[in-house]
Every structure is written in structure tokens, then in C-alpha cells.
Amino acid sequence: GAVVSQHPSRVICKSGTSVKIECRSLDFQATTMFWYRQFPKKSLMLMATSNEGSKATYEQGVEKDKFLINHASLTLSTLTVTSAHPEDSSFYICSARVLAKVDTQYFGPGTRLTVL
Amino acid sequence: GDSVTQMEGPVTLSEEAFLTINCTYTATGYPSLFWYVQYPGEGLQLLLKATKADDKGSNKGFEATYRKETTSFHLEKGSVQVSDSAVYFCALFYNQGGKLIFGQGTELSVKP
């Protein structure tokens, strides 16, 4: 149980285009989802926290107009990278948790974004 | 601010060798401490955790003890297997706020 999927697993896009990444909790309802960015040989950096039905809370230094997060249902959150540039190329990971287990996050396998 | 520091990787060991991956933390409060493992092509999975000082977390032969006096949570395994090859992340967590703060990850490669 407690599986989180991400789609796509990898995407290549041209500079200036927008890319949407989906994060789904497959067998549970996620009251909160998190989006992370992982650089090579670096830690996971929390970008934002989203609660179902409300606006995402962004970490300091993360541009909310560039990284649009929507958490429209208890099983789906999306991250849209708008007007992507090569410096946005990275590995994006989502996680999900349920209200009853605040210290437990279930992670998706990640999405590799390459912006040309 | 709070932070987690792990030993640099990659760590390369022969099968059945003893493993230690060092993790130290800086915390303003009393966090829980976690080890996550990321196998190739998969998402992070919780390996073990400890919620207070002197607690020992254990799972799949791995152990880590929450040492408040040395602000450490080192991961150990007595005899590693090839299947343990993965990236290991140490993290701290506060119930209030609910955010995980990760170390930079340590890649482990176990050779037969």
C-alpha cells in the first residue's frame, strides 16, 4: 500500500515552454502533498507544500509564478513549470501524507526534466 | 537554522562488509530523525526512524541511534549485500510544521 506515482517519469522540452508534472496517491487519500527538487549529489530541497483545496505554501526563494502547484483532489497534485529555462532542468519529486500520520511521507519515483 | 550533514559518497564496499554512514544534525528543538533509502529508479522509502534521544531505529538489519549529546544519527549494518546498493538520506522532522529536512544523500555501492 501507500504508493505514489508521478507522470511523466522524464520529459524534455524546449526553452520557453511549460511542463506539467502529475503526482498521484494511488491507494490512499493524501491531505498534504509536497514537491521537492533534487540536484545531482545534493539534498532534496522542499519547494512547496500543498493541502487539498487550498493554495500551496512556497518555501523561501521559490517563485510561485514559475512553479504553479495545484492540489485539486485528495489523490492528485500537479506542478507546472512555466516558461521553462535550462536552469530549471532537475529531478522533481513529490510526496504525500495523510492527516493521521503527520510524520510519514510516501514518495513518488521522481520526474527528470530537461530543458533544452 | 536546522540542517543535516552526511558523509560524502560514494561509499564502495565488498559484500558482507560492515557499513557506517555518518549523519550529524543541527536543530533548534527536538526533532525526530529518519533514514530514507532511494533504490535506482524508485522513490525514497523510509528505512528507519527514532523520535527521541537514545531511541534506536532498526529495519532490514540497519540500525541507527539518536545521540543527542553528539547530535548524530549514524546508520550501521553489520553485513551489507549487493541489494543494499542505493542512496541513503538522513533527515530530521518536527511534528509542528511537518517538514522534512534532508542531508545531501550518500551513495552506497556494494560489490560482490
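Refer to the preceding data block for the structure.
Quick look at the structure, then. (Residues numbered from 1 in each chain as written. Chains lettered and ligands numbered in written order. Predicted model: local features only at pLDDT ≥ 70, side-chain atom pairs only at ≥ 80, totals over all residues. Heavy atoms only, no water.)

Let's talk about the sheet that holds strand 9 (residues 75–77) of chain B
Residues and elements named next belong to chain B. Formally: Pairing between two strands is assigned when DSSP locates at least 2 bridges connecting them. In this text, helices come from DSSP runs of H or I with a minimum length of four residues, and strands from runs of E with a minimum of two, each type numbered from the N-terminal end. A fitted line through C-alpha atoms represents every axis, and for helices the fit uses only the stretch in contact; the resulting angles, taken between N-to-C directions, go from 0 to 180 degrees.
What the four strands build is an open sheet, ordered 3-9-8-7; its pairing is antiparallel. In this open sheet, the two edge strands, each paired with only one partner strand, are strand 3 (19–21) and strand 7 (56–59). Across this sheet, the average inter-strand angle for adjacent strands is 15 degrees, counted without regard to direction. Sheet analysis places strand 8 (residues 62–65) next to strand 9, joined by three bridges and oriented antiparallel. Looking at strand 9, one finds that A64 is bridged to L75.

Observations regarding the state of the cysteines
Basically, it comes down to this: We call a pair of cysteine sulfur atoms a disulfide when they lie within 2.5 Å. Any residue under 20% of the maximum accessible area for its type is buried, any over 50% is exposed, and the rest in between are partly exposed; the area is computed with a 1.4 Å probe on protein chains only.
Scanning the entire structure with this criterion turns up two disulfides over all chains. Between the sulfur of C23 of chain A and that of C94 of chain A lies a disulfide, 2.0 Å long from S to S. Its S-S torsion of approximately 80 degrees makes the covalent link between C23 of chain A and C94 of chain A right-handed. With C23 of chain A in strand 3 (residues 19–25) and C94 of chain A in strand 9 (residues 90–97), this residue pair connects regions lying 71 residues apart in the sequence. A relative accessible area of 0% means that C23 of chain A is categorised as buried. Disulfide pairing is shown between C23 of chain B and C90 of chain B; the S-S distance is 2.0 Å. Its S-S torsion of approximately -70 degrees makes the covalent link between C23 of chain B and C90 of chain B left-handed. Here C23 of chain B is found in strand 4 (residues 23–26), whereas its partner C90 of chain B is found in strand 10 (residues 86–93), with 67 residues between them in sequence.

Digging into the layout of surface pockets
A water-sized probe rolled over the atoms picks out the places where empty space is left. Put simply, the rule reads: Here a cavity denotes grid points, spaced 1 Å and computed from the protein atoms alone, that fit a 1.4 Å probe unable to get out, and a pocket denotes an open set having protein on both sides within 12 Å along at least 5 of 7 lines; residues with an atom within 4 Å of a point are the lining. Grid points are joined across faces, edges and corners, and a volume is the space filled by probe spheres set on the points. Ten residues, namely Ala, Val, Leu, Ile, Met, Phe, Trp, Tyr, Cys and Pro, are considered nonpolar, four, namely Asp, Glu, Lys and Arg, are considered charged, and the remaining ones, Gly among them, are considered polar.
If you add up the space inside the largest pocket, you get close to 540 Å³. Residue lining of the largest pocket: 24 residues in total, with Q38, P40 and K41 of chain A together with V87 and E107 of chain B positioned closest to the centre. Of all the elements in the fold, those that place two or more residues in the lining of the largest pocket are strand 10 and strand 12 (106–111) of chain B. Of the residues forming the lining of the largest pocket, the biggest block, three residues, is contributed by strand 10 of chain B. Here the lining of the largest pocket is composed, by residue class, of 11 nonpolar, seven polar and six charged. What the second largest pocket holds in volume is close to 210 Å³. Every residue lining the second largest pocket is counted, 14 residues in all, and those nearest its centre are A2, Y106 and F107 of chain A together with L44 and Q45 of chain B. Secondary structure elements with two or more residues in the lining of the second largest pocket: strand 10 (106–107) of chain A together with strand 6 (45–50) of chain B. Considered class by class, the residues forming the lining of the second largest pocket number nine nonpolar, four polar and one charged.

Brief notes about the packing of aromatic side chains
The condition is simple: Only Phe, Tyr and Trp rings take part, Trp by its six-membered ring, and two of them pair if their centres are within 6.5 Å. Stacked means planes under 30 degrees apart, edge-to-face means over 60, and tilted covers everything else.
Taken as a whole and judged by the stated rule, the model has 13 aromatic pairs over all chains. Summarising the aromatic geometry, the rings of F107 of chain A and Y36 of chain B are spaced 5.3 Å apart at their centres and angled 75 degrees between planes, so their arrangement reads as edge-to-face. Here Y36 of chain B lies in strand 5 (residues 32–38) and F107 of chain A lies in strand 10, a pairing that spans two chains. Summarising the burial analysis for this pair, F107 of chain A and Y36 of chain B share the class buried.

Quick word on the environment of L75 of chain B
Residue and element names in this part refer to chain B. Stated precisely, the cut-off is as follows: When checking whether two residues touch, look at their non-hydrogen atoms; a contact exists if any pair is within 4.5 Å.
Position of L75 relative to the elements: it lies in strand 9. Between the C-alpha atom of L75 and that of T28, which follows or precedes it by 47 residues, the distance is 22 Å. Apart from the residues within four sequence positions on either side, L75 is in contact with L19, T20, I21, W35, L47, L48, F62, E63, A64 and Y88.

Interpretation in functional terms is not warranted from these geometric data alone.
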